[in-house]
Amino acid sequence: MDGRRHRHPRTRSYSPRQLLFGVIVIPLLIWLAWRNLTGPTRHVPLPPPVQISNTLHVTPEQLAGAVRAWGNSEIKSSKKLSGGAINTVYEVDTKDGHRIVVKFTNPFWKHCKTINEIVVTRQVAYLGMPVPRLLFADPTGDKVGLEFLIYEWLPGRLLKDVLADKTTTTETRHSLIRQWVLILSKLRMPAYHQQQMGSFGDQMKVGPFAHNAGCTK
C-alpha cells in the first residue's frame, strides 16, 4: 500500500418520489401517448346532465363584423370548418392577405367559456406548447351579438392523417410520440393538473379558471 486513500465513487441517492416518477410515471406517459396516437379512435360520450347543440346560427353580417372588429379588414372568402362539437368555426381569407380562424362561442356558457378559453390558451402557450396565437376576442357579445375569438391560421396536417400515412417514416413517428409525451408531462404538472386546467371539469361544470373570472354557472 502506498498510503493513499482509496476513494469510492459517489453514488446518487433518489427519493421514493423520484423513483416512482422514473419507474412508473414516465413509462406510463409513453405508453398512453403511443396508445392515443396509434390505437383506434374511441368516442367517449358527454355526461348526461348537459345537452349541447352546436347548431349556432351565424349570419354573414356577424362574420364580417367580427373580422372588422379585429383589424378593420374585409372578407375575401370564408369556409365553415367541420368537426367541432360545441362552437361554430370559420376559416377566413381577408382582402389584405391574412388567413385567420374565427370561432363563435356557443352561448350555453355565456361569457364563461370564452373567458376561460382565453386564459387556458395563454397558459398552454406559456408552457411552450404549439398553440395558435389568439389575435382578438370578444367575451361579451357586444360587437356582433355573439361571443367570438379570432386565432391565427396554422398550416399543416392533422396528426391522425400523418400517422395513417404509410409513407410516414419511423423516425417521424418516434419524433411525434416524443413531442406528445413532453406535452402530456407538462399538462400533468401538479401546478396545472391538480387544478384541473381546462375549460370544464366533471359533469361539464365550468373549470376553476372561469370561476376565478367570476363565472359560476
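Worth saying up front: this structure is predicted, and the values here are computed from it rather than measured.

### Focus on the nonpolar core
For soluble globular proteins, the rule of thumb is that nonpolar side chains tend to be buried together.
1) Next: Val92, Val102 and Phe104 are the most contacted members of the largest nonpolar core, which totals 14 residues.
2) Next: Only α2 (60–71), β2 (88–94), β3 (99–104) and β5 (148–152) provide two or more residues apiece to this core.
3) Next: Those residues in contact with Val102, other than ones at most four positions away along the chain, are Leu63, Ala66, Val67, Thr88, Val89, Tyr90, Val92, Leu149 and Ile150.

### Points about the pairing of β5
1) Next: Burial runs high along β5: four of the five residues are buried.
2) Next: Here five bridges tie β3 to β5, and the two strands are oriented antiparallel to one another. Residue pairing in the sheet places Val101 in a bridge with Tyr151 of β5.
3) Next: Two elements, strand β4 (residues 134–138) and β5, share four bridges in a ladder whose sense is antiparallel. Paired with Phe136 across the bridge in β5 is Ile150.

### A closer look at the sheet that holds β5
1) Next: The strand order across the open sheet built from five strands is β1-β2-β3-β5-β4, with neighbouring strands paired in antiparallel fashion. Pairing within the sheet leaves two strands with one partner each, and these edge strands are β1 (75–80) and β4. Across this sheet, the average inter-strand angle for adjacent strands is 20°, counted without regard to direction.
2) Next: Of the pairings in the sheet, the one linking β2 to β3 comprises six bridges and is antiparallel in character. Across the sheet, Asp93 pairs through a bridge with Arg99, a residue of β3.
3) Next: Where α2 meets the sheet, its contacts fall on β1, β2, β3, β4 and β5, and the angle it forms with β3 comes to roughly 120°.
4) Next: On the sheet, helix α3 (residues 112–126) packs against β3, β4 and β5 and is oriented at approximately 25° with respect to β5.

### Remarks on α3
1) Next: Between its first and last C-alpha atoms α3 spans 21 Å; for 15 residues at 1.5 Å apiece the expected length is 21 Å, and the two agree.
2) Next: Among the residues of α3, those classed as buried are Cys112, Lys113, Thr114, Ile115, Asn116, Glu117, Ile118, Val120, Thr121 and Val124.
3) Next: Among the residues trailing α3, Gly128 stands out with phi positive, at a value near 85°.

### Observations regarding the confidence of the model for the protein chain
1) Next: When pLDDT is averaged along the protein chain, the result is 76; 61% of the residues meet or exceed 70.
2) Next: Overall, residues 41–51 carries pLDDT values under 50, and its contacts beyond four positions in sequence, including any with other chains, amount to eight contacts.

### Quick look at unusual backbone geometry
1) Next: A positive phi angle is found at Asn72, which is not glycine, with a value near 55°.
2) Next: Mapped onto the elements, Asn72 comes out in the loop between α2 and β1.

### Comments concerning the packing of aromatic side chains
1) Next: Inspection of every chain in the model, using the stated rule, returns three aromatic pairs.
2) Next: Residues Phe104 and Phe148 carry aromatic rings whose centres are separated by 5.9 Å and whose planes lie at 50° to one another, so their mutual orientation is tilted. Residue Phe104 is found in strand β3, and its partner Phe148 is found in strand β5; the two are separated by 44 residues along the sequence.
3) Next: Overall, the relative accessible area of 0% leaves Phe148 in the buried class.
4) Next: Centroid distance Phe136 to Phe148: 5.9 Å. Interplanar angle 25°. Geometry classified as stacked. On the criterion of sequence distance, the pair formed by Phe136 in strand β4 and Phe148 in strand β5 is long-range, its members being twelve residues apart.
5) Next: Grouped by ring-pair contacts, the aromatic residues Tyr90, Phe104, Phe136 and Phe148 constitute a single cluster.

Scoring rules and cut-offs
Residues numbered from 1 in each chain as written. Predicted model: local features only at pLDDT ≥ 70, side-chain atom pairs only at ≥ 80, totals over all residues. Heavy atoms only, no water. Core = buried A, V, L, I, M, F, W, Y, C linked by side-chain atoms within 4.5 Å. Buried < 20%, exposed > 50% of the residue type's maximum accessible area, 1.4 Å probe, protein only. Helix = DSSP H or I, 4+ residues; strand = E, 2+ residues; numbered from the N terminus. Contact = heavy atoms within 4.5 Å. Pairing = 2+ DSSP bridges. Axes fitted to C-alpha atoms, helices over the stretch in contact; angles between N-to-C directions. Expected span 1.5 Å × (residues − 1). pLDDT = per-residue confidence, 0-100. Phe/Tyr/Trp six-rings, centres within 6.5 Å; stacked < 30°, edge-to-face > 60°.

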